Amino acid sequence: MSEQIVKIGLVGFGTVGSGVAKLILEDADSIAAKTGVRLELACVVDTDTKSPRPVKLPDGLLTSDLNRLIKDDSIKIGVELVGGTGVAKQIQLQMLQAGKDVVTANKALLAHHGSELYKAARENNRCIAFEASCAGGIPIISGLRTGLSANNITAMYGIVNGTCNYILSNMTGKNEEFAEALAQAQKKGYAEADPILDISGKDSSHKLAILASIAFGCEISLDDIYVEGIDGISKDDIRYGGEMGYVLKLLAIGQKNNRISLRVHPSFIPRENLLARVNGSFNAISIFGSAVGQVMFYGRGAGMMPTASAVVADIIDVALGNSATSFRQLRLKPRNETAPLIDKISNLVSRFYIRMMVRDQAGVFAQIGKILAHEEISISGILQHEGRGPANSIPIVVTTHPTQQSRVTAALKDLQFLDTVCGKAVCIRIVDIPEDKD
Ligand code: HSE
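Here's a quick rundown of the structure.

What counts, and where the lines are drawn
- Residues numbered from 1 in each chain as written.
- Predicted model: local features only at pLDDT ≥ 70, side-chain atom pairs only at ≥ 80, totals over all residues.
- Heavy atoms only, no water.
- Helix = DSSP H or I, 4+ residues; strand = E, 2+ residues; numbered from the N terminus.
- Contact = heavy atoms within 4.5 Å.
- Lys, Arg positive; Asp, Glu negative; His and termini not counted.
- Charge placed at Lys NZ, Arg CZ, Asp CG, Glu CD.
- Pairing = 2+ DSSP bridges.
- Near = heavy atom within 4 Å.
- Polar contact = N/O pair within 3.5 Å; in protein donor to acceptor, adjacent residues only side chain to side chain.
- Areas by Shrake-Rupley, 256 points an atom, 1.4 Å probe, with all protein chains shown as cover.
- Nonpolar A, V, L, I, M, F, W, Y, C, P; charged D, E, K, R; others polar.
- Phe/Tyr/Trp six-rings, centres within 6.5 Å; stacked < 30°, edge-to-face > 60°.
- Buried < 20%, exposed > 50% of the residue type's maximum accessible area, 1.4 Å probe, protein only.
- Lys NZ or Arg CZ within 6 Å of the ring centre and 35° of its normal.
- Core = buried A, V, L, I, M, F, W, Y, C linked by side-chain atoms within 4.5 Å.
- Salt bridge = Lys/Arg side-chain N within 4 Å of Asp/Glu carboxyl O.
- Patch = residues over 30% accessible without salt bridge, like charges linked within 9 Å, V, L, I, M, F, W, Y side chains within 5 Å.
- Bend = angle between axes of the 7 residues up to and from the residue.
- Axes fitted to C-alpha atoms, helices over the stretch in contact; angles between N-to-C directions.

**Description of the overall build of the protein**
Here is step 1 of the chain: Scanning the protein from N- to C-terminus turns up 15 helices and 17 strands.
Here is step 2 of the chain: Principal axes of the C-alpha set define a box for the protein whose edges measure 80 × 45 × 40 Å.
Here is step 3 of the chain: Expressed as a percentage of contacts within the protein between residues at least 6 apart in sequence, the contacts between residues at least 24 apart total 74%.
Here is step 4 of the chain: Considering the protein, the positive charge centre built from 46 side chains and the negative charge centre built from 46 side chains are found 1 Å apart.

**Regarding the pairing of strand 17 (residues 421-430)**
Here is step 1 of the chain: Relative to strand 17, strand 10 (residues 260-270) is paired through 2 bridges, and the arrangement is parallel. Within strand 17, the position partnered with Phe268 by the bridge is Ile430.
Here is step 2 of the chain: The pairing of strand 13 (residues 349-359) with strand 17 spans 7 bridges and is antiparallel. Within strand 17, the residue paired with Ile354 across the bridge is Cys427.

**Some remarks on the site of the ligand**
Here is step 1 of the chain: Around the ligand, a shell composed of 13 residues is seen, among which Lys107, Gly162, Thr163, Glu192 and Asp198 lie nearest.
Here is step 2 of the chain: Between Lys107 and the ligand, the recorded distance is 2.5 Å, taken from a side-chain N or O atom to an oxygen atom.
Here is step 3 of the chain: Tyr190 has a polar backbone atom sitting 2.8 Å from a nitrogen atom of the ligand.
Here is step 4 of the chain: Look at the ligand: alone it shows 250 Å² of surface, and the protein chains cover 93% of it.
Here is step 5 of the chain: A per-class count over the shell around the ligand returns 4 nonpolar, 4 polar and 5 charged.

**Quick word on the packing of aromatic side chains**
Here is step 1 of the chain: Evaluated as defined, the whole model comprises 7 aromatic pairs.
Here is step 2 of the chain: Ring centres of Tyr246 and Phe268 lie 6.2 Å apart, and the angle between their planes is 45 degrees; on these two criteria the pair is classed as tilted. Within this pair, whereas Tyr246 is found in strand 9 (residues 246-256), its partner Phe268 is found in strand 10, the two being separated by 22 residues in sequence.
Here is step 3 of the chain: Taking relative accessible area as the criterion, Tyr246 reaches 12% and is therefore assigned buried.
Here is step 4 of the chain: For Phe268, a relative accessible area of 0% corresponds to the buried category.
Here is step 5 of the chain: Chaining the aromatic ring pairs together yields one cluster made of Tyr118, Phe130 and Phe327.
Here is step 6 of the chain: Geometry around Phe327 places Arg122 over its ring, the cationic atom sitting 4.7 Å from the centre.

**Structural notes on the side chain of Asn151**
Here is step 1 of the chain: With respect to the helices and strands, Asn151 occurs in the loop between helix 5 (140-147) and strand 7 (153-159).
Here is step 2 of the chain: According to the relative accessible area criterion, Asn151 is buried, its value standing at 14%.
Here is step 3 of the chain: Each residue touching Asn151, except ones within four places of it in the same chain, is listed here: Gly289, Ser290, Ala291 and Val292.

**What about the nonpolar core?**
The tendency in soluble globular proteins is for nonpolar side chains to be buried side by side.
Here is step 1 of the chain: In terms of nonpolar packing, the biggest core is built from 112 residues, with Leu39, Ile140 and Ile315 touching the most fellow members.
Here is step 2 of the chain: For Leu39, the contacting residues outside a window of four places in its chain are Val6, Ile8, Ile24, Ala28, Ile31, Val312, Ile315 and Ile316.
Here is step 3 of the chain: Core analysis: the second largest hydrophobic core is formed by 19 residues, Ala411, Leu412, Val421 and Ala425 among them.

**Thoughts on the pattern of salt bridges**
Here is step 1 of the chain: Under the defined criterion, the tally for this structure stands at 17 salt bridges.
Here is step 2 of the chain: The residue Lys107 makes a salt bridge to Asp203 at a minimum N-O spacing of 3.3 Å. Taken as a pair, Lys107 in helix 4 (residues 107-123) and Asp203 in helix 9 (residues 202-216) lie far apart in primary sequence, 96 residues in all. The exposure classification of Lys107 matches that of Asp203, with both residues buried.

**Quick look at the side chain of Lys235**
Here is step 1 of the chain: Within the secondary structure layout, Lys235 lies in helix 10 (residues 235-243).
Here is step 2 of the chain: Within the structure, the side chain of Lys235 is placed 3.0 Å from the backbone oxygen of Asn175, a separation counted as a polar contact.

**So, a positive patch on the surface**
Here is step 1 of the chain: Together, Lys174, Lys187, Lys188 and Arg300 line one region of the surface with positive charge.
Here is step 2 of the chain: Counting through the fold element by element, Lys174 comes out in the loop between helix 6 (162-173) and helix 7 (178-187).

**Quick notes on helix 4**
It helps to recall that an α-helix has 3.6 residues per turn; residues three or four apart then point in one direction.
Here is step 1 of the chain: Along helix 4, the sharpest change in direction is near 90 degrees and occurs at His113.
Here is step 2 of the chain: Looking at helix 4, one finds that the buried residues are Lys107, Ala108, Leu109, Leu110, Ala111, Gly114, Leu117, Tyr118, Ala120 and Ala121.
Here is step 3 of the chain: Those residues of helix 4 hidden inside the fold are in contact with strand 4 (75-80), helix 3 (87-97), strand 5 (101-104), strand 6 (128-129), helix 9 and helix 12 (322-329).
Here is step 4 of the chain: Between the side-chain oxygen at the start of helix 4 and the backbone nitrogen of Ala108 there is a gap of 3.4 Å, and the oxygen is on Asn106.
Here is step 5 of the chain: Count one or two residues on from helix 4 and you reach Asn125, which has phi positive near 55 degrees.

**Brief notes about the environment of Leu348**
Here is step 1 of the chain: Structurally, Leu348 is set in the loop between helix 13 (335-338) and strand 13.
Here is step 2 of the chain: Judged by its relative accessible area of 9%, Leu348 is buried.
Here is step 3 of the chain: For the pair Leu348 and Gln405, spaced 57 residues apart in sequence, the C-alpha separation works out to 5.4 Å.
Here is step 4 of the chain: Other than its neighbours up to four places away in sequence, Leu348 contacts Arg263, Thr403, Gln404, Gln405 and Arg429.

**Regarding the sheet that holds strand 5**
Here is step 1 of the chain: On the basis of which strands lie adjacent, the open sheet formed by 6 strands has the order 3-2-1-4-5-6 and parallel pairing. In the strand order of this sheet, the two ends are held by strand 3 (62-63) and strand 6, each with one partner.
Here is step 2 of the chain: Pairing between strand 1 (residues 4-11) and strand 4: 5 bridges, direction parallel. Looking at strand 4, one finds that Val11 is bridged to Glu80.
Here is step 3 of the chain: Relative to strand 4, helix 3 is tilted by about 170 degrees, and along the sheet it contacts strand 1, strand 4, strand 5 and strand 6.

In structure tokens form, the structure reads like this:
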């Protein structure tokens, strides 16, 4: 059978770029046998042409000159793996204007400027494929767009940042401090160049913006997403939550009823939930569809080869023409129609974990109870270990029944005024994820 030869220009020869080059160079035969598409790496562009990489390129392929890619009409697909929202945007626009389809893993860029780039792609009759932008090697975007296209998606709960999941897993399972676990994640190559993007929850919000836009069929702005990171999490709270039956995860949550709720925050989830068992750098996303019920996607969400797997799958799909078709069919309700549907975090109804350090003396619990009662917050659980008398402070943990966020915010403010409560209370949402059961 004849083969279609497809020339590729790659921009960005970092961790993922090296993985993509390695996959194309080493697996071109098996990919051609399976798909009929023979991938040929025509050039690799990077400002750094000297540092050693985990893959050896044939001589002459590596260049710092982007024009070698842009001006070569035989290159049909441009892969942008530079990352960030600055120069990467210009590179994608240049590639589209030069008549190349674009494949990218750049979630930050799509979350910030997706609409503009999609418009440029349409104007140039090209497509952008971005499977690798969300959850690394997990085919979540094609899952949503193809496999679940018959469904009205009502909710998604995702662990979509491998770095944060690795950190929280190690803090939980190995009793590591935050900084120690972060250093390990960086060493393993999971973290972004700037790990603040990971631990602040921003990277997860970029992925949620992309996933929610596809799942709910509308343009999502990052301003629509409430974001809290894991940087302030202490291993004590992970332990106390564990004693009450919960595991802490950074969840990206999208829910759609009449309104759309989008949020990223540390979440205590029941230990029995499938997502609670997703550990290390693994990602997982539970999707709820009107016809299918619950579907869970699980796999490696970061790292060189898992992300390369998604990039190369997109390259193949672009070469086969599948991406052009699905890109044409991507219809998103415009921003001005979506904005009024977005729910404010203050309206959220959730359960909460509240931990206070209090003086070990008479009447403290009554004071706390009074403040919670005033806001009509019903206590669901209480945890207090044996104290050591009035000279010491001790932790008290209260979990609540479903309560409106604004009431909890008001109660936390009032708790600060009690001189028996030391410092600020820690407040973490408890997320009761529905599970399909037989
Ligand atoms: N820093 C990201 C993560 C890489 O940890 O998930 C993949 O997007």
